[in-house]
Structure formats: C-alpha cells, structure tokens
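# Structural overview for review
The primary structure of each chain is shown beneath.
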Amino acid sequence: MRILLLNGPNLNLLGTRAPEVYGATTLREVEELCRSRAEEYGHRLDAYQSNHEGDLIDAIQGARHSHDAIVFNPGAYTHTSYALHDAIEAVGVPAIEIHISNVREREPWRRISRTEPACVYQIFGRGVSGYLAAISHLHYRAAQPPTTLPYGTHDDQVGDLRLPDRPGPHPVAVLVHGGGWTGPFTRDTMDGMAVGLAGTGLATWNIEYRRIPPVGGWRDTMADVVAGLDSLSTFADRYPLDLDNVTVVGHSAGSQLGYFAARRATFGPARFVSLAGMLDLRGLGSGFDDLLSGFLGNDLGTCLDQIDPIGALPLDLPIVVVHGGSDNAVSPVQSRRFTEEALMAGDRVRLVEIDAAGHEDLIDARAPWWDTVAAVCRA
C-alpha cells in the first residue's frame, strides 16, 4: 500500500504545544516513526501537514489516484468541518481518524467529530503510538478485510468476523481485547491475532464492547462481552461456524472479561485461553488502583469479588494460561497464582510461560513465538 499521513492545523507545533497533552515528540519525529512502521509491513508512506482546510481537502482529493489509504489527524477541524467529511467520503480511500489526546474526556466540543462517520476507524488517546496503531490497522484490514457485524444497538456493540480461506464449518476463536477497560483501547489491538489465527484455519470473532468512561458502568462492559459471545449463535445460519469448538481468548484486562463471558455464555465454549491476563485482581498491586477504580467506580469496595476470576473458580472448562516472562505491564505472578488456584479448584489448566515475551508480544502474529500462541488457541 501507499499511505498518506495527513496532519491538520497546529500539528506542526507538536513537541512544543501543550506537551502535557500532546507529548514532546515533534511532527518530523512522528512522520519518521510512521514511515518506519509502514516499511515494516512493506508499505510506503508520504506525509503532508497544513493549517488550511482547503489544502487538506485538495490532499484528500489527490489521494484518490495516488494512495491506497489515509491516516488523518484533522486537528480542530475534526469538530467543525463537514467539508473534510465530504472529501473523505467522496474519494472512497479508506481513512483512519487519529487523535493524540483522549478527546472523549476533554471539553464537550472536542467529543464531537464531523469527520469520523466518513472514516473506517477512529483511534484516540494513545499518544503518538496511535499513529502507529492506525498503520497496523490499515495493514491488517487490507490483508484480510473483516465483516463487521452488530450484536447490539450501541456503536461499540460490534465485532469483526474473519473466516479462513477454506471450506467450513470452522472452529472459532472469540477475541477479547485488553486496555484496562478504558476508552482509548479498542479491538484494533487484536487485528494481527485475528488475521494470524484465520490463516491457521480458525474463524475469528474480534469483539468490541462499551468501556469507561461508562455508559452504564462495569456491568454494561461485562454484559457486552457475554452478549458478543452469545451472538455467534445468531450468525451460524449465515456463516460456516462450528459452535461446538469455540475458544474464548482474552488479552490483559480482556482475560478478566473473557473468563466471565466463558462462564456466563448461554452456549458453552469449549475452552478459555488467557494471554498476559489480569486474573487475580486483588493481587494486581497499587499501580492498578486507578484502573480498578475507573472500572468499578462506587462499587469498588463491594463488587470486586464479583469480577475477580481467581475468586470465581472453578470454571469447569479446559484453561490455558500464557504469560511472557518479560511482561512489564502485568506480572507473570498473576498467571502463576491463578494456575495454582485453578488446579486446587479442580480445573484442567495449563500454564505456558514464554521467557522473552513482553505484554503486547503475545498478540503479535509476527513474533517468534507466534506458533506457540496459535497452537494454544487451536488446541
């Protein structure tokens, strides 16, 4: 692919403008990082920035004949420019809207995007790394375009279905992304795993769910993951899915959610796989207090036991727990202790530790231990 990186007004001031909000990385450094990421995937990236709406429209229109995708930070035009919306819509080039800050937790006017409805995806609140995530999403979207299906009426009640390129019915891996239950982290973080597992013969159902700041709180988040899993039964008449061979795969905080989805689903999945999972919430340590408080809010003191996987054993399903020995985000002790407790509770559980792997490495289909992770999800 040839990708156009397009930045709007005031992005030329990156590195000096409100670094407490936008960081210290300059625009030139952002462009170089993005070029490197694109080259990793075998793509080419061109960069352009303007403070003028008409110039941005011209760049979008020009991309119709020169580029295959756009990564676009419209700056403040995000919230005002129907003209940019119309330009993106008119050219038909897939565009991802990117924001460095968490626009959904800033001033009310910043929470409204005029351009997002014309884009294929929006990434926000991940700092400069959001640009790199956008390039990764475009790569995997092109490698195997998903079928996005709703399982509810809220915008976040959707999932991406990918089918293997072979006759079915296919065993299914239901992917539950992590991100500490927070708004900025979405299912795109599991794109590589979704495409990689589909290449091994698994259908993948990569689900989104409501996150904090909550619409209805942690109960909505957990109910969504259960509903996303249960929705497979409604798709089986349209897609060749083997509902007797469904694996729930959770990463990080998604492991906590996936555990309870596997426990509460109307139809029973065949197994549960945790990747770098938060499986012992009371043992996470003080560094996770803000995440847990954000997730549970006023219910923190009374409801933590209700959502702690280690306190809800046994699961009565085969369990595989995978953790990287170099995980600096969620300690491997989480998986070790859960495994010990699950064995004592009578569950069939296996612990797989990969010494050199970090937190995100376990969901990277390009990692050297990918075959190990994929085999666990297929077993």
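Our subject in this report is the structure included herewith. Here, residues in each chain are numbered from 1, in the same order as that chain's written sequence. Where totals are concerned, whole chains, interfaces and linings use all residues; where local detail is concerned, this predicted model gives features only for residues with pLDDT of at least 70, and gives and counts side-chain atom pairs only at 80 or more. Each side-chain value is derived from all of the structure's non-hydrogen atoms; neither hydrogens nor water enter the calculation.

## A closer look at the overall build of the protein chain
Note on conventions: DSSP H or I runs of at least 4 residues are helices, E runs of at least 2 residues are strands, and numbering of each starts at the N terminus. Within the protein chain, the secondary structure is distributed over 13 helices and 13 strands. For a compact globule the rule gives 2.2 Å times the number of residues to the power 0.38, and the radius of gyration it is set against comes from C-alpha atoms. Over its C-alpha trace the protein chain gives a radius of gyration of 21 Å, about what one expects of a compact globule, namely 21 Å for 379 residues. If you line up the protein chain on its principal axes, its C-alpha atoms span 65 × 50 × 40 Å. For each residue, the accessible area found with a 1.4 Å probe, counting protein chains only, is set against the maximum for its type, and the residue is called buried under 20%, exposed over 50%, and partly exposed in between. Counting across all 379 residues of the protein chain, residues that qualify as buried make up 58%. For the protein chain, the proportion of contacts with a sequence separation of at least 24, taken over those separated by at least 6, is 76%. By definition, residues are in contact when any of their heavy atoms lie within 4.5 Å.

## Quick notes on the pattern of salt bridges
Proximity of charged atoms lets side chains of opposite charge pair with each other. Only one rule defines a salt bridge in this text: a Lys or Arg side-chain nitrogen within 4 Å of an Asp or Glu carboxyl oxygen. A full pass over the atoms with the stated rule returns 19 salt bridges. The partner of Arg 35 in a salt bridge is Glu 32, with the nearest N and O atoms 2.7 Å apart. Residue Arg 35 and its partner Glu 32 are both found in helix H2 (residues 27-40); the two are separated by 3 residues, about one turn of the helix. With a relative accessible area of 25%, Arg 35 lands in the partly exposed category. Given a relative accessible area of 43%, Glu 32 falls into the partly exposed group. Each member of the salt-bridge network shares a partner with another, and the members are Asp 156, Asp 160, Arg 187, Glu 208 and Arg 211.

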